[in-house]
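Architecture and fold: a report
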Amino acid sequence: MQASDQPPEIFDRRRRQALRARATQRTGDAFLWTYIAREIEERLALVSRQFFDALFIGPMAYHATKILGGRDCAVTLSSPETAADTLIVVAQEDRLPFAPHSFDLVIAAGTLDSVNDLPGALVQIRHILKPDGLFLGHMFGAGSLASLKKLMLAAEGSVNAPHIHPQIDLRSAADLMARARFALPVADLDIMPISYGRWKTIIDDVRDAGIGNALCGPRHYLGRDFPAKLDREWTYLADKAGRVEEQFVHLFLSGWSPSENQPKPAQRGSADVSLASVLRPKANI
């Protein structure tokens, strides 16, 4: 591949890693990761097969034991901000250093929305899966932090500096899974609404999760009075109780590495009974 064929670097890799590393030093309640881990755990619990080699990419490394639910398998963690005494491989989702067919389970959750080459990352994940291996993923989808975006745009006026990176919708996520050639791909959406009494609490939750602005480019100085502007715009958005509803949109992904023994959809036109004939109302006799 020529250098010109590489996708543009939208996200600053060092800034992205620094945000996640700083999040581990904060004392706030990282409830977003707890929620995502519980959802991943429930999805994995529906799979009855045994896994022998699992890879956890990103913040879910901290929840690996709980997610596995007592399954006895070797675990590799890929998380640059994990504690030093934990077995880790420092890598990013679109630069995985693992050989093909290294794992039968890969879980990458919470950070896929800030990967520079997301299509390439999904293909790499499929490549490192063994045949009939399972991938479970998560990313924050389009519509997340809509109130915070609106608040900042109103406070900035004509500046319009980016603070929250663009995110994809459910249909695009499903298309990416299909393009990466996962078997039996699934993408589903869950919206988490939260009522906030202060805009600073939203910022704290974003920083606790390490999902702040990792876009490339300089940061624009917005002035010493910017917090006061945010306070003023907050009063315009708030309800009578002084609260604003924010939301986090969760996109959950799952797919299998292709294998000969997987169920295949029937060929088009091979059915013995027409669906139209089944649904057609019967005539009165």
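Residues numbered from 1 in each chain as written. Predicted model: local features only at pLDDT ≥ 70, side-chain atom pairs only at ≥ 80, totals over all residues. Heavy atoms only, no water.

Describing the pattern of salt bridges
- Counted under the stated rule, the structure contains twelve salt bridges.
- A salt bridge links Arg13 to Asp94; the shortest N-O distance between them is 2.9 Å. Highlighted residues: Arg13 in helix H1 (residues 13-23) and Asp94 in the loop between strand E2 (74-78) and strand E3 (103-109), separated in sequence by 81 residues.
- Taking the relative accessible area as the measure of exposure, Arg13 reaches 14% and is therefore buried. (Salt bridge = Lys/Arg side-chain N within 4 Å of Asp/Glu carboxyl O. Helix = DSSP H or I, 4+ residues; strand = E, 2+ residues; numbered from the N terminus. Buried < 20%, exposed > 50% of the residue type's maximum accessible area, 1.4 Å probe, protein only.)

Let's talk about the pairing of strand E1 (residues 53-57)
- Counting buried positions along E1 gives four out of five residues, so the element sits mostly inside the fold.
- As judged from the five bridges shared by E1 and E2, these two strands associate in the parallel manner. Note that in E2 the partner of Ala54 across the bridge is Val75.
- Sheet topology places E1 next to E3; four bridges connect them, and they run parallel. By the bridge assignment for E3, Ile57 is matched with Ala108. (Pairing = 2+ DSSP bridges.)

Brief notes about the nonpolar core
- Ile36, Phe56, Met60 and Phe248 are the most contacted members of the largest nonpolar core, which has 48 residues in total.
- Among the elements that make up this core, the one with the highest residue count is helix H2 (residues 31-45) (seven residues).
- Once residues lying within four places of it in the same chain are set aside, the contact partners of Ile36 are Met60, Ala109, His138, Phe140, His250 and Phe252.
- Residues Leu96, Ala121, Met139 and Leu176 belong to the second largest nonpolar core, which totals 25 residues. (Core = buried A, V, L, I, M, F, W, Y, C linked by side-chain atoms within 4.5 Å. Contact = heavy atoms within 4.5 Å.)

Details of empty space enclosed by the protein
- Across all of its chains, the model carries two cavities of 30 Å³ or more by this definition.
- Reported here for the largest cavity is a volume of approximately 90 Å³.
- If you trace the largest cavity, you find 13 residues lining it, with Ser114, His165, Gly210, Ile211 and Gly212 closest to the centre.
- Sort the elements by how many residues they give to the lining of the largest cavity and H1 lands first, with three residues.
- Residue composition of the lining of the largest cavity, by class: four nonpolar, six polar and three charged. (1 Å grid on protein atoms, 1.4 Å probe; cavity = no way out; pocket = protein on both sides within 12 Å on 5 of 7 lines; lining within 4 Å. Points joined across faces, edges and corners; volume = space filled by probe spheres on them. Nonpolar A, V, L, I, M, F, W, Y, C, P; charged D, E, K, R; others polar.)

Some thoughts on the sheet that holds E3
- Spatial strand order, E2-E1-E3-E4-E6-E5: six strands in an open sheet with mixed pairing. Both outer strands of the open sheet, E2 and strand E5 (183-196), are each paired with one neighbouring strand and no more. Averaged over all adjacent pairs, the angle separating strand axes in this sheet is 15°, with direction ignored.
- Running at roughly 35° to strand E6 (residues 244-256), H2 makes contact with E3, strand E4 (129-140), E5 and E6 of the sheet.
- On the sheet, helix H6 (residues 170-179) packs against E4, E5 and E6 and is oriented at approximately 20° with respect to E6. (Axes fitted to C-alpha atoms, helices over the stretch in contact; angles between N-to-C directions.)

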